[in-house]
Structures are given as C-alpha cells and as structure tokens.
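# Tertiary structure, described
What follows is the residue order along each chain.
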Amino acid sequence: MQLKCPYCGNSFDIDNFDKQNIICPSCKRKILSESLSNTTLMGINNASQQIPDGLRVSLTVLEGKDIGKTVLVDKPNFTIGRENADMTLNDVQASRKHAVLQLHDRRIVLKDLDSTNGTFIGTRQIKEEELKHLDEISIGNTRLLITIFETPDTVPEGSSGTILLKDEVAAEGTTRIQRPDDVEFKLPYKQKIYLDIIEGMQKGSIYEFATGRVVIGRTDGDLIIDDANISKKHAVIETWSRDTYFIRDLASTNGTYINGQRITTTKIKNGDIITVGNTKLRLRVENVR
C-alpha cells in the first residue's frame, strides 16, 4: 500500500512502516496517525467506481511489437498484460496480468501485479505510483505513453498547449481510439516551431507551425513538398506539450527517418533531422519572451 504525503505530495510504500511512526522519505516529516484521514492511501480497493466526467486517459505504444497501438482506458481498474487483460501486449517479457491502472477520482495510479520482470516509470522500477500526463511506462520490451486529457468544458482558462478531446463518440464495444481526428493539438504558449528544409528541391524554405499538428505530404497536408519520393500524405508531427513532440509515418511508400533511422512513431526534439523522400528538414523550436 502507498501513501501520499500531505506535506510534499510524495507517494511512498508504507507496508514496512509502523503506522504510528510514518516518516516521508522525501521531506522527512512525520505523518501523525490522526492526520491519515487527510492523506491519500493508494490501493486497488480504493479505486473509483467509474471514470470521472470529462476525463479521458489513453495508452499509446511507443516501442515494441504493438508500436502505434492506442487504447482508451475505459474502466477505473484497467489491466495491462500478455493475456486476458484490458490492454493485451504482444510481448513475451510481459506477465499475463502485468500491471493495473487505477483511477482515484482524477488521479491515475499504476500498480505492478507481482510481475516477473517488473513495471517501470521512466527508468525507475515501481510497485505502485501515481502517474502524470506523458509519463512513459515500460513493461517487458514494450514502452507506453500515457496521455491524460480533459474535455474542453473541464479545462481551466489559460491552459495553452493542453491537448483537448473533441466531442467524439467511440463505437460501442471498442476500446480503440483513432488519432488525430479526435484530438486538437495547440501550440504551446510563447513558443514557435519551424521546419527548415536543408536538403532537396525546396532547400532554404522555412515552414512555421500554425497549429500544434502539421501533416507533411506531396499533394495533401499543411506542408506540401515537391518531391516525387514523398507520398501524398507522408508524415504528421504532433505537439503534445511544451517539450514533447511526436512524429508518425502515415504508411508512406518510402518511409520516414529521424537522424537516419526509419521510424513508425517516435518522440522528436529541437534540432532533429527528418528525412522524407529526397528532402531533409530540421525541427527548430524557439521560446518567445
């Protein structure tokens, strides 16, 4: 069982603590037993009974045999594993039921289900821990990205750069969602994003993002490039947050490459070189004062 410290917000395992002498390992403050009612215990029996209104949580596979797969978390106890799970992974290193996502009101907690190879957030192995928007989860040989959306009527004013779901209705009985048709990508506040064409017929051209989502193609898209080796709709770049950008190949004929490596979906950063057909582009991100 984990406890969320009422002073600093750190979550930690309390199974080995005397309940009368709990000290937060982060801020070193003692948590008095009478104040436990004001703290948050995170465990499978405390999960919400339903998904809160306006909250959308999804998991996208960034690495592994299921790369590109996106699943909507549609229940407050959502299991991940190799077999008989809500999200099934094609990964022999994942246990049959490897981990569970638990929704506690608007908080999302990841709990390892005594898996063989462990559950990781970033590079840290965890037993039970609260997740944040765009955390990366590793299960076996699979790496997943969690995205936590708030529908427009529940997003506070002034939250530029937040991903907003449109009023979509998923097909009955399915947990798959399709991107990008159901997501509005906004440019982060006081940030400009450019694609500099550094090689190809349009060398020297500069494209500035007007929105947080840009489709690159030969005839269809936001950035049209005169290159016979580029598909009509070749790739899309999506801005997920101020420091998080993804590129996806749109089933192009000749592929999309980042710094010389062919990709399907991957995170990109300022200065990365994107190759589509015979054209090379550099991603340039500038923060505006």
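Structure first, text after, so check above.
Anyway, here's the lowdown on the structure attached to this text.

Conventions adopted
Residues numbered from 1 in each chain as written. Predicted model: local features only at pLDDT ≥ 70, side-chain atom pairs only at ≥ 80, totals over all residues. Heavy atoms only, no water. Phe/Tyr/Trp six-rings, centres within 6.5 Å; stacked < 30°, edge-to-face > 60°. Buried < 20%, exposed > 50% of the residue type's maximum accessible area, 1.4 Å probe, protein only. Lys NZ or Arg CZ within 6 Å of the ring centre and 35° of its normal. Pairing = 2+ DSSP bridges. Helix = DSSP H or I, 4+ residues; strand = E, 2+ residues; numbered from the N terminus. Axes fitted to C-alpha atoms, helices over the stretch in contact; angles between N-to-C directions. Contact = heavy atoms within 4.5 Å. Salt bridge = Lys/Arg side-chain N within 4 Å of Asp/Glu carboxyl O. Core = buried A, V, L, I, M, F, W, Y, C linked by side-chain atoms within 4.5 Å.

Overall, the coordinates contain 2 aromatic pairs when judged by the stated rule. With a centroid separation of 5.8 Å and an interplanar angle of 75°, the aromatic rings of Trp240 and Phe246 are classed as edge-to-face. A relative accessible area of 2% places Phe246 in the buried class. Across the ring face of Tyr194, the terminal group of Arg284 is positioned such that the distance to the ring centre comes to 4.3 Å.

Before going further, it helps to spend a moment on the sheet that holds strand 28 (residues 273-276). Spatial strand order, 20-19-29-28-25-26: 6 strands in an open sheet with antiparallel pairing. In this open sheet, the two edge strands, each paired with only one partner strand, are strand 20 (206-208) and strand 26 (261-263). The average angle at which neighbouring strand axes cross in this sheet is 30°, direction not considered. Strand direction decides the pairing type here: strand 19 (residues 191-199) and strand 29 (residues 279-287), joined by 8 bridges, are antiparallel. Bridged to Tyr194 within strand 29 is Arg284.

This part takes up the side chain of Thr275. Its place among the elements puts Thr275 in strand 28. Look at Thr275 and you get buried, because its relative accessible area is 15%. For Thr275, the contacting residues outside a window of four places in its chain are Gly255, Thr256, Tyr257 and Lys280.

The next subject is the sheet that holds strand 21 (residues 213-217). Paired through their backbone hydrogen bonds, the strands of a sheet run either parallel or antiparallel. Taken in spatial order, the 5 strands of this open sheet run 22-21-23-24-27, and their pairing is mixed. In this open sheet, the two strands that pair with only one neighbour each are strand 22 (223-224) and strand 27 (265-268). Across 6 bridges, strand 23 (residues 235-241) lies against strand 24 (residues 244-249) in antiparallel orientation. Bridged to Glu238 within strand 24 is Phe246.

To continue, consider the environment of Ile121. When you line up the elements, Ile121 lands in strand 12 (residues 119-121). Under the relative-accessibility criterion, Ile121 is labelled buried at 6%. Sequence-wise, Ile121 and Ile137 are 16 residues apart; in three dimensions their C-alpha atoms are separated by 4.7 Å. Residues in contact with Ile121, not counting those within four places in the same chain, are Leu110, Ile126, Glu129, Leu131, Asp135 and Glu136.

This part covers the pattern of salt bridges. Summed over all chains, the structure comprises 14 salt bridges. For Glu63, the salt bridge is made with Arg143, and the minimal N-O distance between the two is 3.1 Å. Here Arg143 lies in strand 16 (residues 142-150) and Glu63 lies in strand 6 (residues 55-63), a separation of 80 residues in the sequence. In this structure, Arg284 engages Asp196 in a salt bridge whose closest nitrogen and oxygen atoms are separated by 2.7 Å. On the criterion of sequence distance, the pair formed by Arg284 in strand 29 and Asp196 in strand 19 is long-range, its members being 88 residues apart. Assessed through its relative accessible area of 11%, Asp196 is described here as buried. Among the ionic contacts, a cluster of salt bridges with common partners joins Glu63, Glu136, Arg143 and Lys267.

Across soluble globular proteins, nonpolar side chains show a tendency to be buried alongside one another. Among the nonpolar cores identified, the biggest contains 24 residues, and Leu59, Met87, Leu101 and Ile146 are the most heavily contacted of them. Looking at this core, the elements that each hand over two or more residues are strand 6, strand 7 (70-73), strand 8 (77-81), strand 10 (99-104), strand 11 (107-112), strand 15 (136-139) and strand 16. Ranked by the residues each element gives to this core, the list is headed by strand 6, at 4 residues. Counting residues in hydrophobic clusters, the runner-up holds 22 residues, among them Leu195, Val214, Ile230 and Ala235.

Moving on: the pairing of strand 11. Within strand 11, 5 of the 6 residues are buried, leaving the element largely enclosed by the surrounding structure. Where strand 10 and strand 11 come together, 6 bridges link them in antiparallel fashion. Paired with Val100 across the bridge in strand 11 is Lys111. In this structure, the hairpin formed by strand 10 and strand 11 is closed by a connection of 2 residues, where Asp105 is found at a positive phi of approximately 60°. Where strand 11 lies against strand 14 (residues 128-131), 4 bridges are found, and the strand directions are antiparallel. Pairing of Leu110 across the sheet is with Glu129, part of strand 14.

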